[in-house]
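# Observations on chain architecture
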Amino acid sequence: MTLVGAPGVPPADLPGRVLALDPLGSEAFRLRLHVPGLGGEPAPGVFFQVLCREEEARDPLVRRPFSVADARAVRDGVEVDLIFAVVGRGTAWLASRRTGDTVRLLGPLGRPFAPGPGGLRRVVVAGGLGVAPFPLLVRTLRGRQASPDPVTVLLGARTARRVLCAREFEAAGARVRVATDDGTAGTRGQVTALLEEELDPGLGPAEVHACGPEPMLRRVVDLCAEAGVACQVSLERVMACGFGACYGCVVRARPASGGPPRHDRSCLGGPVYDAARLAGVEW
Amino acid sequence: MALLAVRVGPLDLANPVMAASGTFGYGTELAPFMDPGRLGAIVGKSISLEPREGNPPPRTVETPAGLLNSIGLQNPGLERFLEEKLPALRAFGTRVVVNIVGERVEDYVSLAGRLGEAEGVDALELNLSCPNVDRGLLFGSDPALTEEVVRASVVATRLPVIVKLTPNVTDILPYARASERAGAAAVSVANTYVGMALDWRSRRSRLARPTGGLSGPAIKPLVLRLVWQCRQGCGLPVIGVGGIATAEDALEYLVAGASAVQVGTATFADPAACARVLEGMGRLLDEAGVRDVNELVGSLRAAPAGRSPN
Ligand SMILES: Cc1cc2nc3c(=O)[nH]c(=O)nc-3n(C[C@H](O)[C@H](O)[C@H](O)COP(=O)(O)OP(=O)(O)OC[C@H]3O[C@@H](n4cnc5c(N)ncnc54)[C@H](O)[C@@H]3O)c2cc1C
Ligand SMILES: Cc1cc2nc3c(=O)[nH]c(=O)nc-3n(C[C@H](O)[C@H](O)[C@H](O)COP(=O)(O)O)c2cc1C
């Protein structure tokens, strides 16, 4: 069985209309799109494959994957936000879109974050642009029940101006802690040092959701495994198709059903993985 | 409506548009986006006797209008293919071509034999041309070995055998002719071109392995010429595959001499690419007043003397 897309929202190739392209911090953008025809609000952690060129052009050739940063169902479709920085040709094209332009989106694709049952401290760890999937996740976590679980968002960045979405998370009712490499905001050092503090068993049972650079995620996976804390990480492998056809984006993970690690297509089996499937594995 | 049915040797197809091996999964991956049953045929990702884990990531990197890949033939192996993949492939209701790959002649013989007994397989495509595993090009870069492995496979199965050739040779014709002598039904021209992409700052390949196989629009002019060459110099039907993204691309291949085409990398950017090529083909032929797509096959004209070809 092929499993693509968020539960209940069939993936499709749809035109999105640019509502706004807002700068975010010193390097990033938040692209707000109106996507008529999308079957519902995507779940937190899923992604779209975005065509970063005119349709008739042949370069850049393949689409670029971006996590759904936030989504709001509106009368005639869904508004979808993407958060990105310019790192190459595709993202440069995206950053040159103007209000009213069309951007083609394929999705939603992949498996979302699957937070465990209520009654846990939720710890979200975001390194740099790894913040992208979390506005929707944090809103979802906070909006779940009448008395939602406490959410702590740990933001790591190189410098203060690259700390993204802090106010937004606070507005959603989360506690925010920041670590920067140069100490210009929050504590100086790595965000995983903050995670170590948050994993203190004295604070009560917790669940961790993380996204960011792979070295950070490896540390998060190890720390959570040592602490025996449930954890899910969103991985960003280089992808060509995003829907399981190319076998490019594999991650070495233990099968969910057990057994030795195997190359798993992260566009179908991920991008969000249960850390237990990665702990101790050279993924 | 222009007639689109074609024959590729003994294989009759409802239309000339096929999905290329390794770019269409085993069909089900594409089903959310298009109806694979509309295509002339589906070629599944290469199957080996035993399961293969493939190469470490990163396995793909984009180049100008192209894609380098180094997947390394990850596949579930013959037994799981027969159990888990073939039933769904058959259910699409179109021709199923199973692409097979081996390390020894006996591997191809075993695969061809077993698949010949399986129900719902219409043809085999021998991958003699994978640049991404050690010795993957072995059979495809020695005409005598090509002939040996093709002959052994043809003998081992009742199915038509298509031979997928590599472009990574000085002259492709000896390989096409060796396939013909050995009893192949057709040749697929071609697999990917070996290439590299690297980052000079880190002095590292952008793939986990130093080299990969180049596909996409970047290779289209090169493969178009190979198809034309095979059509001129060999009696076998040719299936053109390389950089097709539009109906125009596909029709150019037919004029160069292809009896059918495969769409590969284009599917990654647009999962409905095969269907779009097919639709566009019918429309363009109608507009041009071509009644039957077969009229185009191998119809390249010589440029009139003293005039520019355009
Ligand atoms: C599931 C998933 C979700 C993602 N979500 C986001 C997101 O929400 N926001 C965001 O800014 N980025 C995200 N990315 C990364 C994003 O896809 C890449 O930054 C983008 O493809 C770069 O395209 P480009 O053409 O600008 O750069 P290119 O010219 O293709 O490459 C420029 C640089 O980016 C690197 N790169 C290319 N592809 C990837 C990749 N898949 N992951 C990491 N680095 C890559 C290259 O190695 C190169 O160094 C995500 C990736 C995945 C797989
Ligand atoms: C990611 C990828 C995987 C591929 N895997 C296979 C394979 O398993 N077997 C095979 O015979 N060809 C494989 N190919 C080659 C294609 O079938 C095709 O010959 C080639 O990509 C050229 O066509 P294109 O430019 O339309 O992609 C693969 C190509 C790509 C891009």
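Residues numbered from 1 in each chain as written. Chains lettered and ligands numbered in written order. Predicted model: local features only at pLDDT ≥ 70, side-chain atom pairs only at ≥ 80, totals over all residues. Heavy atoms only, no water.

### Description of the overall build of chain B
Using the following cut-off: Runs of H or I in DSSP of at least four residues are treated as helices and runs of E of at least two as strands, each being numbered from the N terminus. Atoms counted for the radius of gyration: C-alpha only. Globule rule: 2.2 Å times residue count to the power 0.38. Any residue under 20% of the maximum accessible area for its type is buried, any over 50% is exposed, and the rest in between are partly exposed; the area is computed with a 1.4 Å probe on protein chains only. Accessible areas in this description were obtained via Shrake-Rupley with a 1.4 Å probe; residue shielding takes into account the shown protein chains only.
Scanning chain B from N- to C-terminus turns up eight helices and 16 strands. Against the globule reference of 19 Å for 310 residues, chain B gives a C-alpha radius of gyration of 18 Å, in line with a compact fold. If one aligns the C-alpha atoms of chain B with their principal axes, the spans along those axes are about 55 × 50 × 45 Å. Of all 310 residues assigned to chain B, the portion counted as buried reaches 61%. Approximately 12,200 Å² of chain B is accessible, and the part contributed by carbon and sulfur atoms is 52%.

### Brief notes about the interface of chain B and chain A
Condition: The criterion used for residue contact is that any of the two residues' heavy atoms lie within 4.5 Å. Buried area, as used here, totals the accessible surface that two parts lose on assembly, with accessibility defined by a 1.4 Å probe and the loss added over both. Between Lys or Arg on one side and Asp or Glu on the other, a salt bridge is scored when a side-chain nitrogen of the former is within 4 Å of a carboxyl oxygen of the latter. The definition of a polar contact used here is a pair of N or O atoms within 3.5 Å, where within protein one atom must be able to donate a hydrogen and the other to accept one, and adjacent residues in sequence count solely through side-chain atom pairs. Any residue outside Ala, Val, Leu, Ile, Met, Phe, Trp, Tyr, Cys, Pro, Asp, Glu, Lys and Arg is labelled polar, Gly included; the first ten of those are nonpolar and the last four are charged.
Between chain B and chain A, the contact holds 37 residues from the first and 32 residues from the second. Interface area, chain B with chain A, both sides summed: about 2,600 Å², of which 59% is carbon and sulfur. Applying the counting criterion to the chain B and chain A interface returns five salt bridges. With a closest N to O distance of 3.8 Å, Arg262(A) and Glu53(B) form a salt bridge. Our count for the chain B to chain A interface comes out at 12 residue pairs in polar contact (both at pLDDT 80 or more). Of all elements in the fold, only strand E5 (60–63), strand E6 (66–69) and helix H7 (266–269) of chain B reach the threshold of two or more residues within the side of chain B that touches chain A. Its residues assigned to classes, the side of chain B that touches chain A comprises 16 nonpolar, 14 polar and seven charged.

### Regarding the confidence of the model for chain B
To be explicit about the condition: The predictor's confidence in any single residue is recorded as pLDDT, a number from 0 to 100.
The share of residues in chain B with pLDDT of 70 or more is 99%, and the mean pLDDT across the chain is 96. Both confidence scores are given for the complex: pTM 0.96, ipTM 0.95.

### A short note on the site of ligand 1
All names here are of chain A. The criterion, for reference: Any residue with a heavy atom positioned within 4 Å of a molecule or strand is treated as near that molecule or strand.
Around ligand 1, a shell composed of 20 residues is seen, among which Arg64, Pro65, Ile83, Gly90 and Thr91 lie nearest. Between ligand 1 and the protein, one listed contact pairs a nitrogen atom with a backbone N or O atom of Ser67 at 3.1 Å. Separating a nitrogen atom of ligand 1 from a backbone N or O atom of Ile83 is a distance of 2.7 Å. Relative to its unbound accessible area of 850 Å², ligand 1 is 76% covered by the protein chains. With four residues, the single largest contributor to the shell around ligand 1 is strand E4 (residues 64–67). Looking at the shell around ligand 1 residue by residue, the class counts come to 12 nonpolar, four polar and four charged.

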